[in-house]
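# Residue-level structure breakdown
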Amino acid sequence: MEFTTRLGYIQWTEYKNSFLIENSKASGCCDPHEYILYSKETGKKIAELGTAIFSDDSSKNPYVLTMSGNDEVLFTNLNTNQSCRIKVSQKKIENTLKNSDILYAEELFENFQFKKGMLSMQLKYKDSGNFWKKEKIFLDTAKDCN
């Protein structure tokens, strides 16, 4: 179900034990939306997950990746509501935003894959130079999320 495309709650998706609300904090184009997770049983808020990087609800293990501050990516399993944090270099993100035309840290992540409990993605960044660099980030959800 979609609500509006401008401001406030714009979409929700139902999962096994919860539903995820996509919220637009700014009217108009381009600002990353934030995600809020609610319990299906009680209707109470479980967590404010942060701003959207990537979501995948096409598999039997749906998940969402969000930015939590400028130095963490939050992985949330949408069936179990289990979350774990992935530390990223705040310095790399801040330098990239300063030395490029990218406005939001969420745009620096790409090439998401989730297979057999292993998440991988790339962080593209710039240091003081003009050349883009890439760093592969991994998360073993079976080991690192318990």
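First, a word on what this report is: a plain description of the structure on this page.

About the cut-offs
Residues numbered from 1 in each chain as written. Predicted model: local features only at pLDDT ≥ 70, side-chain atom pairs only at ≥ 80, totals over all residues. Heavy atoms only, no water. Helix = DSSP H or I, 4+ residues; strand = E, 2+ residues; numbered from the N terminus. Buried < 20%, exposed > 50% of the residue type's maximum accessible area, 1.4 Å probe, protein only. Contact = heavy atoms within 4.5 Å. Salt bridge = Lys/Arg side-chain N within 4 Å of Asp/Glu carboxyl O. Core = buried A, V, L, I, M, F, W, Y, C linked by side-chain atoms within 4.5 Å. Phe/Tyr/Trp six-rings, centres within 6.5 Å; stacked < 30°, edge-to-face > 60°. Lys NZ or Arg CZ within 6 Å of the ring centre and 35° of its normal. Pairing = 2+ DSSP bridges. Axes fitted to C-alpha atoms, helices over the stretch in contact; angles between N-to-C directions.

### Observations regarding the overall build of the chain
Counting secondary structure elements, the chain contains two helices and 10 strands. Listed by position from the N terminus, the elements making up the chain come as β-β-β-β-β-β-β-α-β-β-β-α. For the chain, the proportion of its 146 residues judged to be buried stands at 40%. In the chain, 29% of the contacts between residues at least 6 apart in sequence involve partners at least 24 apart.

### Overview of the side chain of Thr 96
Relative to the elements of secondary structure, Thr 96 occurs in helix H1 (residues 90-98). Look at Thr 96 and you get buried, because its relative accessible area is 0%. Not counting chain neighbours up to four residues away, the residues in contact with Thr 96 comprise Leu 108, Lys 124, Tyr 125, Lys 126 and Trp 132.

### Observations concerning the pattern of salt bridges
Inspection of the entire model under this criterion finds seven salt bridges. Close ionic contact of Glu 14 with Lys 40 constitutes a salt bridge, the shortest N to O distance being 2.9 Å. Of this pair, Glu 14 sits in strand E1 (residues 8-14) while Lys 40 sits in the loop between strand E3 (34-39) and strand E4 (45-56), placing them 26 residues apart in sequence. According to the relative accessible area criterion, Glu 14 is partly exposed, its value standing at 47%. The partner of Lys 45 in a salt bridge is Glu 48, and the shortest N-O contact between them spans 2.7 Å.

### Points about the nonpolar core
Core analysis: the largest hydrophobic core is formed by 22 residues, its most contacted members being Leu 65, Val 73, Phe 75, Phe 109, Leu 119 and Met 121. Elements supplying a minimum of two residues to this core: strand E5 (63-67), strand E6 (72-77), strand E7 (83-87), strand E8 (109-115), strand E9 (118-125) and strand E10 (133-140). For Leu 119, the residues in contact, after removing those within four places along its chain, are Tyr 63, Leu 65, Phe 75, Ile 86, Gln 113, Phe 114, Ile 137, Phe 138 and Leu 139. Grouped together as the second largest cluster of nonpolar side chains are nine residues, Tyr 15, Tyr 35, Leu 37 and Val 64 included.

### Focus on the packing of aromatic side chains
Considering all chains together, one arrives at six aromatic pairs under this definition. Note that Lys 92 overlies the ring of Tyr 125, its terminal NZ or CZ placed 4.6 Å from the centroid.

### Some points on the sheet that holds E8
Across the sheet, which stays open at both edges, the three strands sit in the order E8-E9-E10 with antiparallel pairing between neighbours. The open sheet has two edge strands with one neighbour each: E8 and E10. In this sheet, neighbouring strand axes are inclined to one another by 15° on average, regardless of whether the strands run parallel or antiparallel. Examined bridge by bridge, E8 and E9 share five bridges and lie antiparallel to one another. Bridged to Phe 109 within E9 is Leu 123.

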